[in-house]
Amino acid sequence: MRVGGGGGGGGGGGREREAALLLVLIAAACGFVVVLLNLPDGRALPGGVPGAVGEHTGGTHVSVKERRMVEIVRQRQDVAAQELEGQTDENAAEADERISRSPPGTKEKLWMMQDQLIMAKAYLQFASLHGSAHLVRELKLRIKEIERVISHFSSSSRVPTSALQKIRAMEMTLSKAQRAYPHCSHMTAKLRAMTHQSEELVRAHRSETSFLEQVAVRTLPKGHHCLAMRLTSEYFLLDLKEREFPQRYTMQMGDLYHYAIFSDNVLASAVVVNSTISASKDPKRIMFHIVTDALNFPAMMMWFLTNPPNPATIQIKSLDHLKWLPADFSFRFKQKGIRDPRYTSALNHLRFYLPEVFPSLNKLVLLDHDVVVQRDLSGLWQIDLNGKVNGAVETCTSGDGYHRLENLVNFSDPSIINKFDAKACIHAFGMNIFDLKEWRRQGLTTAYNKWFQAGKRRRVWKAGSLPLGQIVFYNQTVPLDHRWHVLGLGHDRSIGRDAIERAAVIHYSGKLKPWLEISIPKYRDYWNNFLDYDNPYLQQCNIHM
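Residue positions are given per chain, counting from 1 as you read along its sequence in written order. With the structure being a predicted model, the display of local features is reserved for residues of pLDDT at least 70 and the display and counting of side-chain atom pairs for 80 or more, all residues being used for whole-chain, interface and lining totals. Just so you know, side-chain values use all the structure's heavy atoms and leave hydrogens and water out.

A. Structural context of the sheet that holds strand S5 (residues 313–318). Judged by pairing direction, the sheet is mixed, and its 7 strands sit side by side in the order S5-S4-S3-S6-S9-S8-S10 without closing on themselves. Of all the strands in the sheet, the pair left with one neighbour each is S5 and strand S10 (477–479). Within this sheet the neighbouring strands show an average axis-to-axis angle of 25°, counted without direction. Strand pairing follows a simple DSSP-based rule, namely that at least 2 bridges must link the two strands. Numbered from the N terminus, helices here are DSSP runs of H or I no shorter than four residues, and strands are runs of E no shorter than two. Relative to strand S9 (residues 431–435), strand S8 (residues 390–392) runs antiparallel, the two sharing 2 bridges. Paired with glycine 391 across the two strands is isoleucine 433, which belongs to S9. For this analysis, residues touch if any pair of their heavy atoms sits within 4.5 Å. Orientation is described by axes fitted as lines to C-alpha atoms, over the contacting stretch for helices, and by angles from 0 to 180 degrees between their N-to-C directions. Seen against the sheet, helix H10 (residues 266–279) touches strand S3 (257–262), strand S4 (286–292) and strand S6 (363–367) and runs at an angle of roughly 170° to S4. Sheet strands in contact with helix H11 (residues 297–306) are S4 and S5, and its direction is about 170° off that of S5.

So this is what it looks like as C-alpha cells:
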C-alpha cells in the first residue's frame, strides 16, 4: 500500500521555503532586498540608492550582502527549490538527489537555473495579469528549456554548451521582464500574496499529512494482508500432525536463553527472530516464545513451520491458549477517541503478565516486534539486577524534560503525587531483561491490575502501556548501558549511523515502522537485511524492498 502521508509535509515545507527564497531573489532583482526584509510597509531606504556596491550575477545587479543572504537561505533548504506550480514532492526529491551527485561546477549551474525558474515563474504570473502576451510566451518557452536542461544534464560530468546558451537566454528574458516591470512595490505586493497562498497550502498539507500518517499506522499494507491470508489458508490444509513444531530440546529449559515476542505481525516477528539468531554466538541455546492473537495464530505458525529458525527452538501460542486471562482481556484496552493500535493492543499489555505466561521461567528477555538485534544478547543474563525486576535503558538525557514521569502520569491526582517523583527518568520498553522470580515475589502483576483499574475510574495516566509500565516498575528498574538499546528509528531522523551500528538492539519506536512505505528511508535497510525477499510467499504477495 502506498501512503502519501510523508510526502505531504515535505511538500508544504518546501513551498514555504520557496516563497521565502522567492521574496529575496525578486526583490534583489529590483534592488530592494533590505526593503523586503526590514521594511515590510514598502518605505524607501534612507539615501535612496539601493545596491550601491555589488556584483553582477544571473543578469541582475545584486550586492555582496544580498547575495550572501540568498546563499544562506539556499544552504538551509533541505531539498532543492521546487517549481511553484505543477511539480510534485517526488520530482523535487529526485532533483535534489541528482544535484547531490553532480560535480561542484555542475551543482552551481543547477542552483542558478533553479533560481532562474523561480524568478521566471513569478514574472510569468505578473505578466499574465497585465496582458503582456509576448512576454508571457517568451517566459513559458524559457521555463520549458531550463526544465528540460535540468532533467537531462544534472548527472553528467560537465555543463554542455547548449545548456549554457539556455542559461544566457533566460538571463536576457529575465532582464527584459525586469525592464517591463520596474516598480518593486507592485512586485512586492504580488510576492506577498503568493507567500500568503503558500502558507495556506502549507497548513493544508500539514493537516493532510497528519491524517495520512494515522491511516498508514492503522492499516495493514496490502502485501502483508495477502501474506497472512495465504499462510492461514495453507496452514488449514496441513494434517494435524504437521501443524506442530518438532520437539528439539537438547538441554534443560533453565539452560536456554529465552526470548519473548508478543506480536500480530508475521514479517516483523520473522525479522526479530532472524536477526537474533544471526547475532548470537550460540544460537542453539536460544528459545523463542511468540504470543499472538487468535486471528494471526495460523499465519504465524505456517510461516515458522516453513521457515524454521534453526538451530534455535521456537514456541508459538495464541491469546486464546491462555485460559487464565480475564474474559474481556482482548477488548478491555479500547478507549474512546483513541484508535492507534499501539495504545489499544492487548498484546502490548500482556507484558504485565509475564510470570503467568511463562510459569516455569525465572529470567527472560522481552523484545518488541519492531526491533532488530545486531549484537549477541547473552550478556544480558549476566547483569546483576540487585534484587530489582527490570533491566532497561533510560530515555532521558541531561536537561531533557520530555522523558520525565510527569509527562506520562497525572501528578495532580493524590494517589500519584505522594508516591512518585515527577522528575524520575522514563525507562524504555522494547528490549528488557526481567527477573520473573523477583517479579512473583513482589506481586507486581497485582500492582498492575490495581493501577489499571484506577485509570479506568479517573485520568491517572496517558493512553498506552508505557505510562503503566513506569508506575509498575517504579524503583524496580536497573539502568542499562545505552549501547544495549537505541530507540527512535520510527520518528527521529537525526540518529547518527555510528550510534545505530554500535547498538546491540535498534528500535523503530514511533509511527514510521520499517514495513510501511512512510518509514524513514535511511533506516530501512537495517530491517530489510533480515528478510529474504526471494521467499515464494513474499514474491506471490508482491512484498519487496
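B. Structural view of the side chain of glutamate 438. Mapping glutamate 438 onto the fold places it in helix H16 (residues 436–442). Partly exposed describes any residue whose relative accessible area lies between the buried limit of under 20% and the exposed limit of over 50%, with all areas from a 1.4 Å probe on protein chains only and scaled to the type maximum. Overall, the relative accessible area of 13% leaves glutamate 438 in the buried class. Polar contacts, as used here, are pairs of N or O atoms within 3.5 Å; protein pairs need one atom able to donate a hydrogen and one able to accept it. Residues neighboring in sequence count only if both atoms are side-chain atoms. A distance of 2.6 Å separates a polar atom in the side chain of glutamate 438 from a polar atom in the side chain of arginine 441. When residues no more than four places from it in sequence are discounted, the contact partners of glutamate 438 are Gly387, Lys388 and Val389.

C. Molecular detail of the pairing of S6. Here S6 lies mainly inside the structure; 4 of its 5 residues are buried. For S3 and S6, the ladder comprises 2 bridges, and the chain directions are parallel. Bridge pairing in S6 places alanine 260 opposite leucine 366.

D. Looking closely at the pattern of salt bridges. Only one rule defines a salt bridge in this text: a Lys or Arg side-chain nitrogen within 4 Å of an Asp or Glu carboxyl oxygen. Under the definition given, this model contains 11 salt bridges. When the shortest N-O distance is used, the salt bridge between glutamate 200 and arginine 203 registers 2.2 Å. In this pair, glutamate 200 and arginine 203 both sit in helix H8 (residues 184–218), 3 residues apart, roughly one turn of the helix. For glutamate 200, a relative accessible area of 38% gives the class partly exposed. Look at arginine 203 and you get partly exposed, because its relative accessible area is 46%. One salt bridge connects arginine 497 with glutamate 501, and the closest N-O pair in it is separated by 2.9 Å. Residue arginine 497 and its partner glutamate 501 are both found in helix H19 (residues 497–502); the two are separated by 4 residues, about one turn of the helix. Judged by its relative accessible area of 33%, glutamate 501 falls in the partly exposed class.

E. Here's a closer look at the state of the cysteines. Disulfides are defined as cysteine sulfur pairs within 2.5 Å. Counted according to the given criterion, the structure contains 2 disulfides. Two residues, cysteine 226 and cysteine 541, share a disulfide whose sulfurs are 2.1 Å apart. Its S-S torsion of approximately -70° makes the covalent link between cysteine 226 and cysteine 541 left-handed. Within this pair, whereas cysteine 226 is found in helix H9 (residues 222–235), its partner cysteine 541 is found in the segment after helix H21 (536–540), the two being separated by 315 residues in sequence.

F. Structural detail: the side chain of glutamine 116. Its place among the elements puts glutamine 116 in helix H5 (residues 104–129). Glutamine 116 gets classed as buried once you look at its relative accessible area, which sits at 2%. A distance of 3.3 Å separates the side chain of glutamine 116 from the backbone oxygen of isoleucine 167, its partner in a polar contact. Ignoring any residue separated from it by four or fewer positions in sequence, one finds glutamine 116 in contact with Ile146, Ile167, Met170, Glu171 and Leu174.

G. Up close: the nonpolar core. Only buried residues count toward a nonpolar core, which is a set of Ala, Val, Leu, Ile, Met, Phe, Trp, Tyr and Cys residues joined through side-chain atoms within 4.5 Å. Leu227, Trp303 and Phe304 are the most contacted members of the largest nonpolar core, which has 68 residues in total. Top element by residues in this core is H10. It accounts for 9 residues.

H. Summary view of the environment of glutamate 234. Along the chain, glutamate 234 falls in helix H9. When its relative accessible area of 30% is taken as the criterion, glutamate 234 is described as partly exposed. In this structure, the C-alpha to C-alpha distance between glutamate 234 and methionine 302, residues 68 residues apart in sequence, is 7.4 Å. Not counting residues up to four positions away in its chain, the partners in contact with glutamate 234 are Met302 and Tyr537. Here the side chain of glutamate 234 touches tyrosine 537 through a polar contact of 2.7 Å, side chain to side chain.

I. Spotlight on helix H7 (residues 161–180). By definition here, a helix of n residues has an expected span of 1.5 Å times n minus one. Here H7 spans 29 Å end to end across 20 residues, near enough to the 28 Å set by a 1.5 Å rise per residue. Listed in full, the buried residues belonging to H7 are Ala163, Ile167, Ala169, Met170, Thr173, Leu174, Ser175 and Ala177.

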